Amino acid sequence: MKLDFSGLESSAPLYGGNNGLLCDGFSDAPSFDLPVTSDFDGFQKNSIQMVKPAKGTTTLAFIFKEGVMVAADSRASMGGYISSQSVKKIIEINPYMLGTMAGGAADCQFWHRNLGIKCRLHELANKRRISVTGASKLLANILYSYRGMGLSVGTMIAGWDEKGPGLYYVDSEGGRLKGTKFSVGSGSPYAYGVLDSGYKYDMTIDEAAELARRAIYHATFRDGASGGVASVYHVGPTGWTKLSGDDVGELHYSYYPVEPAIVEQEMTEAIVA
Amino acid sequence: MTKEHANWSPYDNNGGTCVAIAGADYCVIAADTRMSTGYSILTRDYSKICKLADKSFMASSGFQADVKALQKVLSSRHLIYQHQHNKQMSCPAMAQLLSNTLYYKRFFPYYAFNVLGGLDSEGKGCVFTYDAVGSYERVGYSAQGSGATLITPFLDNQLKSPSPLLLPAKDAVTPLSEAEAVDLVKTCFSSATERDIYTGDSVEIIILNANGVRRETEQLRRD
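Described in the following lines is the structure provided in the data block. (Residues numbered from 1 in each chain as written. Chains lettered and ligands numbered in written order. Predicted model: local features only at pLDDT ≥ 70, side-chain atom pairs only at ≥ 80, totals over all residues. Heavy atoms only, no water.)

1. Examining the pairing of strand β10 (residues 141–145) of chain B
Residues and elements named next belong to chain B. Of all the five residues making up β10, four are buried; the element is thus mostly covered by neighbouring parts of the structure. Bridge count for strand β1 (residues 17–22) against β10 is five bridges, and the pairing is antiparallel. Within the sheet, the bridge partner assigned to A20 lies in β10 and is S142. (Buried < 20%, exposed > 50% of the residue type's maximum accessible area, 1.4 Å probe, protein only. Helix = DSSP H or I, 4+ residues; strand = E, 2+ residues; numbered from the N terminus. Pairing = 2+ DSSP bridges.)

This is the structure we're talking about:
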């Protein structure tokens with residue numbers, strides 16, 4: 001019996017290849033122009049320095065009784081400069097699956113869009129929706145084939161399929177983990193602290209949303225590379241809905257309102273004789 | 001055994017600054033016209049703005065050879081689109097095309113920092129801002145290039161555009177009138193010229209609205 005190993009073959013071509021712009025090859029991995037140099041790593045390091053992709057972020061997702069809760073901040077930083085306060089870090093792959101963005105913004109945006117296309121093709125070919133397991137595996141395999149080439153992707157795929165809520169962590173090293181609670185990014189230690197202490201499986205949607213919002217808020221408070229708007233999404237049996245998008249500066253004053261100080265005695269200026 | 005590093009780089013930075021502001025029914029796209037290399041000025045009269053479609057203009061700073069190549073690729077793709085679909089590309093569609101074009105050179109990037117400005121299918125102004133490898137988002141205003149760090153805080157203060165991520169959703173476009181926005185852009189460039197050596201000479205401003213396209217030029221300091 002001949003085993004089919006075609007799925008394990010690297011689909012990324014090593015050198016050159018057709019510029020895929022005019023072809024319709026959606027099912028193949030797009031082919032990329034590669035620089036003609038003997039020192040590929042050094043070239044990539046230098047071009048990364050030049051390009052300085054945005055990183056520094058807080059994203060989180062967890063499974064609970066009512067589905068999956070996904071939340072993220074919206075700050076993009078390039079070194080010490082805040083390049084944007086309104087980056088969409090929760091990417092809508094299709095109406096029942098979400099992906100989060102951490103690492104290189106362009107890498108995450110492009111490969112999530114590519115994943116959405118693959119998921120749609122799967123639906124058309126198999127007359128049923130793709131599972132979260134399948135979608136995360138597609139993404140992980142693509143990222144593994146580009147391993148070592150400098151892609152930076154730390155994403156969570158969250159969705160609801162026939163088996164119920166599903167959550168996977170996928171990264172550009174080729175790692176893929178199934179889990180019930182993840183947080184990714186420079187602010188993740190802070191988010192884990194809030195998430196771990198407040199998590200219960202039997203939460204209502206509102207309680208879970210508030211926990212996610214608080215976790216993002218606390219991460220943005222302590223981590224300089226996270227900030228902007230805390231977005232919270234819920235994935236249920238009928239798909240995802242955006243629950244809230246709050247500016248974290250305003251969240252701070254709603255959680256910790258400033259009490260007006262009671263002035264006991266007004267001091268008047270002493271008259272210097 | 002140390003690795004030999006290349007003495008030649010395929011990239012160069014020609015400097016310059018680009019700005020775009022989206023309004024309720026207009027869009028302003030502007031770029032200075034100085035092209036430099038190192039401490040030398042190559043020319044004072046170089047346009048960084050390219051018309052990609054009737055309602056899409058792209059302004060790009062960075063390495064102008066890569067910018068020129070990028071403009072050519074996008075213009076020819078737009079021509080193919082027009083042949084295939086018998087209509088012009090919409091601005092959001094052009095925005096995604098630009099993103100994909102940039103990402104296809106992910107391992108040998110176009111050294112181009114782009115701002116795409118135009119009118120969407122409802123006639124509202126739209127501005128898309130990019131990094132060099134194609135990540136993009138629709139914003140109310142944006143600045144890119146050597147003077148961006150000087151101009152962006154000023155625009156944050158003057159325009160205070162609410163984030164498109166907020167729920168309930170608030171319109172990201174500025175309530176300023178077209179004349180006020182053009183004046184604001186001129187102020188941005190005169191200030192950036194004072195403190196950025198790569199920005200100056202003159203600024204080319206394109207104003208796009210329902211009546212068509214208008215072009216204005218304003219002289220800047222040439223030192």
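Still to come is the rest of the account.
2. Brief notes about the packing of aromatic side chains
One pass over the full model with this rule turns up 24 aromatic pairs over all chains. Aromatic pair F110(A) and Y103(B): ring centres 4.2 Å apart, planes at 15°, arrangement stacked. With one member in each of two chains, F110(A) in helix α2 (residues 105–126) and Y103(B) in helix α2 (residues 91–103) form a pair that bridges those chains. Y103(B) matches F110(A) in its accessibility class, with the two residues each being buried. Where W111(A) meets Y146(A), the ring centres are 5.4 Å apart and the plane angle is 45°; that geometry is what we call tilted. Here W111(A), found in helix α2, pairs with Y146(A), found in the loop between α3 (132–145) and β7 (154–161); they are 35 residues apart in sequence, far enough to count as distant. By way of ring pairs, the aromatic residues F32(A), F110(A), W111(A), Y146(A), Y103(B), Y104(B) and F107(B) are connected into one cluster. A cation sits over an aromatic face here: K181(A) above Y199(A), 4.8 Å from the ring centre. A cation sits over an aromatic face here: K105(B) above Y110(B), 5.3 Å from the ring centre. (Phe/Tyr/Trp six-rings, centres within 6.5 Å; stacked < 30°, edge-to-face > 60°. Lys NZ or Arg CZ within 6 Å of the ring centre and 35° of its normal.)

3. Considering the interface of chain A and chain B
A common measure of how large an interface is: the accessible area buried when the components associate. Listed by partner, the interface residues are 44 residues for chain A and 35 residues for chain B. For D107(A), the salt bridge identified is with R106(B), shortest N-O distance 2.5 Å. Here chain A is connected to chain B by ten residue pairs in polar contact (both at pLDDT 80 or more). Looking at the side of chain A that touches chain B, the elements with two or more residues in it are α1 (40–51), β4 (81–84), α2, β11 (229–236) and β12 (239–247) of chain A. Here the residues of the side of chain A that touches chain B sort into 22 nonpolar, 14 polar and eight charged. (Contact = heavy atoms within 4.5 Å. Salt bridge = Lys/Arg side-chain N within 4 Å of Asp/Glu carboxyl O. Polar contact = N/O pair within 3.5 Å; in protein donor to acceptor, adjacent residues only side chain to side chain. Nonpolar A, V, L, I, M, F, W, Y, C, P; charged D, E, K, R; others polar.)

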